[in-house]
Amino acid sequence: MRIRPTFVLPLLVVALAACGSNGSGSTSSTNAPGPSDSASVSTSAPAGGPITVFAASSLKESFTKIAADFEAANPGAKVTLNFGASSGLATQITQGGPADVFASASQKTMDVVTAAKLADASQVFAVNTMEIATPPQATVAITGLADLAKPNVKVAVCAKEVPCGVAATKLFEANKLTITPATQEVDVKAVLSKVELGEVDAGIVYVTDVNAAGAKVVGVKIPADQNVTTKYPIAIINTSKQAAEAKAFVEYVASAPAQAILQAQGFTSP
Amino acid sequence: MVPALLALIFLGLPLLALLIKAPWDRLWQVLTSPTSLDALRLSLTTASAATLVAFIIGVPLAWLLARQEFVGRKFARALVTVPLVLPPVVGGIALLLAFGRRGIVGQYLDQWFGITLPFTTPGVVVAEAFVAMPFLIITVEGALRSLDGRFEDAAATLGASRLTIFRRVTLPLIAPSLIAGAVLTFARALGEFGATITFAGNLPGVTQTLPLAVYVGLEGDPAEAVALSLVLLAVSVTVLVVLRDKWLRTGASA
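As the structure is a prediction and not an experimental result, all values here were calculated from the model.

What counts, and where the lines are drawn
- Residues numbered from 1 in each chain as written.
- Chains lettered and ligands numbered in written order.
- Predicted model: local features only at pLDDT ≥ 70, side-chain atom pairs only at ≥ 80, totals over all residues.
- Helix = DSSP H or I, 4+ residues; strand = E, 2+ residues; numbered from the N terminus.
- Buried ≥ 20, exposed ≤ 12 C-beta atoms within 10 Å, placed from the backbone.
- Contact = placed C-beta atoms within 7 Å.
- Domains from an automatic or database assignment.
- Nonpolar A, V, L, I, M, F, W, Y, C, P; charged D, E, K, R; others polar.
- Pairing = 2+ DSSP bridges.

## Some details on the overall build of chain B
Across its full length, chain B carries 12 helices and zero strands. From first element to last, N terminus to C terminus, chain B shows the α and β order α-α-α-α-α-α-α-α-α-α-α-α. With the principal axes as the frame, chain B shows a C-alpha extent of 65 × 60 × 30 Å. The proportion of buried residues among the 254 residues of chain B is 43%. Considering only residue pairs separated by 6 or more positions, chain B has 77% of its internal contacts joining residues 24 or more positions apart.

Following this line, the structure appears as structure tokens:
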């Protein structure tokens, strides 16, 4: 491949622009900063129109099933799911992201949306707790939280700005542990990935994430008296053009079949 | 005329929006917070180290590609350009699979020497060097190839050794391209995000460079992310200004 000198620098500048700063960045496969990029735009369609649900990453498996069941129970209904860290989703919504429903992993991130007058009331639909995820062929034995404070143990947690990071901080504080993580990922699924790859010895994730990962990680349960709980609120977004469908979806999430799916995943009822 | 104007507006508007929407009232406060200073210091040191690595092993490779015929040269040249077109996060995954704790080379680094690269500052340098080094290699190779060989021949006929020729004839002749390549490499390393967050992780003070701080900042306080973005914008503009004259000339000075 002969590179002609005259084209070298312009070519390089183009390449620099193409894959330069903040280029193809996100490790979370579903969340990208900026509104409207991964969700369908809800237009004013007749009853039974499509709705877009922004949901926390930890709801990925359960909400995918719940959405499919909702579509089956309501012919003509279409649910598009946008998963990501709740804090990032809240930012997207306040920046104009086209959400009809928001299901977040913390009241704090829901408050961001209600404070911006984009949601009125929220209701808690599930409760989650934390668990330690370890790689399958672990070289370091982890039996509980105290093991994470040992010097050679690499721990991955979520970033402090993200709900699961807040929960991890509370977890360590409640148990009086000083743990310096090896990395603070922006998404709970990213923490899970680092554990699955064996790059860290342990990751603090939700119980539901360990269940969802199946054989890819080995979970170490945290006793209830050491654990922290997180409430998951859900709300209809005021700017939704499919208010009726959004309401129907929220009600479905609170109903028995959806609750059964959530509990099978590891959530507990509020 | 109109399309050109549209292009200008298209490129300029987002940058203008960044300047307009920046939190000017608390800009100084945000930029001098420990997180921001850590990120800035880390970014500058790792980008510099990555550029140095690119120089040490990249320039010899550029020389080899430009001057030496060898089996597989075309393949080597293609290999060098791969990091340019590879999505950075893919680069990060590839680095993990090679140098991670369970990587094909990384596992031996860990077992035999106790060296782990992920989640360390050297890991950041590796990730940045991986994506940025091709810029230097290609620039220098281009410069070497378009160099008028007669100067070096003349020096040889005057009795200069190969090292002297390289030091006193070749190097000064390709110096402008060397500088341009180094600046591009530095800028690319500074702005690297995907490979860094995937391979080196994100830990303030250790691996959280400016682009990572911006991304994480978006999760908590978008205004803070905008403030940090201004710093990166300022660096990018500086790079462009420095390279301004180079665009209009060919890759070599001659």
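## Topic: the domain arrangement of chain A
Residues and elements named next belong to chain A. Looking at the assigned domains, one finds that chain A contains domain 1 (35-127 + 231-265) and domain 2 (129-229). Just the C-alpha atoms count here: the centres of domain 1 and domain 2 sit 27 Å apart. Across the boundary between the two partners, domain 1 contributes 13 residues, which contact 15 residues of domain 2. Residues that form the side of domain 1 that touches domain 2 fall into these classes: four nonpolar, eight polar and one charged.

## Structural notes on the pairing of strand E9 (residues 229-236) of chain A
Residue and element names in this part refer to chain A. Among the eight residues in E9, six count as buried, and that is most of the element. Pairing between strand E4 (residues 123-134) and E9: six bridges, direction antiparallel. Across the sheet, Thr129 pairs through a bridge with Thr229, a residue of E9.

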